[in-house]
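Residue strings, one per chain:
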Amino acid sequence: MTIEKTEVLVVGAGQAGIAMSEHLRSYGIEHVVLERNRVAERWRSCRWDSLVANGPAWHDRFPHLEFQHDGPDDFVPKERVADYLAAYAQKIDAPIRCGVEVKEVRRNAGRLGFTVETSEGVIEAKAVVAATGPFQIPVIPPVVPEASGIAQIHSASYRNPEQLPEGAVLVVGAGSSGTQIAEELMRSGRKVYLSVGPHDRPPRHYRGRDFVWWLGVLNKWDAEATPGVEHTTIAVSGANGGHTLDFRRLASEGMTLLGRTETFHDGVLTFAPDLAENIAKGDANYLSLLGEADTYVTRNGLDLPEEPTARDMLPDPECMKHPVLELDLQNAGINTIIWATGFGVDYSWLKVEALDEQGRPHHQRGVSSEPGIYFLGLPWQTRRGSSFIWGVWHDAKYVADHIAKQRGYMAYKPSREEG
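Analysis parameters
- Residues numbered from 1 in each chain as written.
- Predicted model: local features only at pLDDT ≥ 70, side-chain atom pairs only at ≥ 80, totals over all residues.
- Heavy atoms only, no water.
- Pairing = 2+ DSSP bridges.
- Helix = DSSP H or I, 4+ residues; strand = E, 2+ residues; numbered from the N terminus.
- Axes fitted to C-alpha atoms, helices over the stretch in contact; angles between N-to-C directions.
- Contact = heavy atoms within 4.5 Å.
- Phe/Tyr/Trp six-rings, centres within 6.5 Å; stacked < 30°, edge-to-face > 60°.
- Lys NZ or Arg CZ within 6 Å of the ring centre and 35° of its normal.
- Salt bridge = Lys/Arg side-chain N within 4 Å of Asp/Glu carboxyl O.

Caption draft 1: Examining the sheet that holds strand β17 (residues 334–339) more closely. Reading across from one edge, β8-β17-β9-β10-β13 is the order of the five strands in this open sheet, with parallel pairing throughout. A strand with exactly one partner marks an edge of an open sheet, and here the two such strands are β8 (151–154) and β13 (256–258). Strand-to-strand twist of the sheet, defined as the mean angle between neighbouring strand axes without regard to direction, takes the value 20 degrees. Running at roughly 170 degrees to strand β10 (residues 192–195), helix α4 (residues 176–187) makes contact with β9 (168–172), β10 and β17 of the sheet.

Written out as structure tokens, the structure is:
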């Protein structure tokens, strides 16, 4: 049987795989991109119905194509983000094959490259790029047993308020996803409880500029990962035209805020007494960015309007002054828990020495410890901006540069044999 051969095999046709294809093509490097579903499938089927991009259209895009049906300051709905990525793949003529699952990657014994088992046969490649992204396995902490009778779903399975059983809802996790879902549920008329952990809380807009602009001019997008930083929870929203997430405001409108979720016993959940501390640290992050922005405006003489009320805070709500440390779910009428608690990774198909003891990529800027294996689309892969569409495009260039450099070494032939 003839075995297909390619120089580089890219696994995944989301924003990372598409960006990788563009840069490989620019080098003239033969490659194929395999996608087990559709292009940008996670944008379509692993997000809630009303989700929009967390950054404006002028910023959250690839450099060579603008969004066709959205203004530069719009926050693009998820379906149009997926359509945009599919259009970009078509624009660059990316060699994508959909409906093909990669089952196993093994290094060839005694020769260069890798053997890749797929659902449609075997492919041999000199290099493999794992561009499957960070949203692989929804993580639900083992706190509330399934036998509790409470409906439990991960935020990746949430679509809209109508899908949930009647009654109050507890949302665990106050990053962008958890807070936006909690706010949507509250606006739909549900009683909502939100468990808030440590987080950063940037302003959505300040002095006429979106926070993505401020992070850009202040060089914060280029901040490199330090231990612990890669797990920072960010609370920001592009919903309803974009607005700053304000936990005190949500509480004033009827949401009950709680500290970190800890234990469950006999129908009662317990929470850490850290709500006020977590919100205070988020406030400090918010105020710090305002201060840096003001300094930047003054030093550079920019004509950007002042916002004297931006530092005004609502009074602390009762749930902050007298935090709820125990909650009887039945008495509170809570019939659903939504866990906005992040994702794990699954690289079990990579049968190579490129993973650490926890199964996570062992790499530097996407170049793995296993020569010829690369990763792309990881949070903080090279910098803070790596998770964004534009950020992964730059990360892909770095990986493609490395592949091209190694290609040059392997092509070297000495002019004469040494005696």
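Still more ground to cover, so stick around.
Caption draft 2: Layout of the sheet that holds strand β14 (residues 261–265). Across the sheet, three strands lie side by side as β14-β15-β16; this open sheet has antiparallel pairing. Across the chains shown, the open sheet's two edge strands, defined by having one partner strand only, are β14 and β16 (326–328). Ignoring which end each strand starts from, the neighbouring axes of this sheet average 25 degrees apart. Of the pairings in the sheet, the one linking strand β15 (residues 268–271) to β16 comprises three bridges and is antiparallel in character. Each bridged residue has a counterpart across the sheet, and for T270 the counterpart in β16 is E326.

Caption draft 3: A look at the packing of aromatic side chains. Inspection of every chain in the model, using the stated rule, returns 14 aromatic pairs. An aromatic cluster is defined as three or more aromatic residues linked by ring pairs; in this entry it consists of F62, F67, Y84 and Y88. Geometry around Y193 places K191 over its ring, the cationic atom sitting 5.2 Å from the centre. Across the ring face of W221, the terminal group of R384 is positioned such that the distance to the ring centre comes to 6.0 Å.

Caption draft 4: Seen up close, the pattern of salt bridges. Throughout the structure, instances matching the rule amount to 29 salt bridges. For R248, the salt bridge identified is with D316, shortest N-O distance 2.8 Å. Taken together, the positions of R248 in helix α6 (residues 247–252) and D316 in the loop between α7 (275–300) and α8 (318–321) put the pair 68 residues apart, joining distant regions of the chain. In this structure, D294 and R311 form a salt bridge, with 2.8 Å as the shortest nitrogen-oxygen distance.

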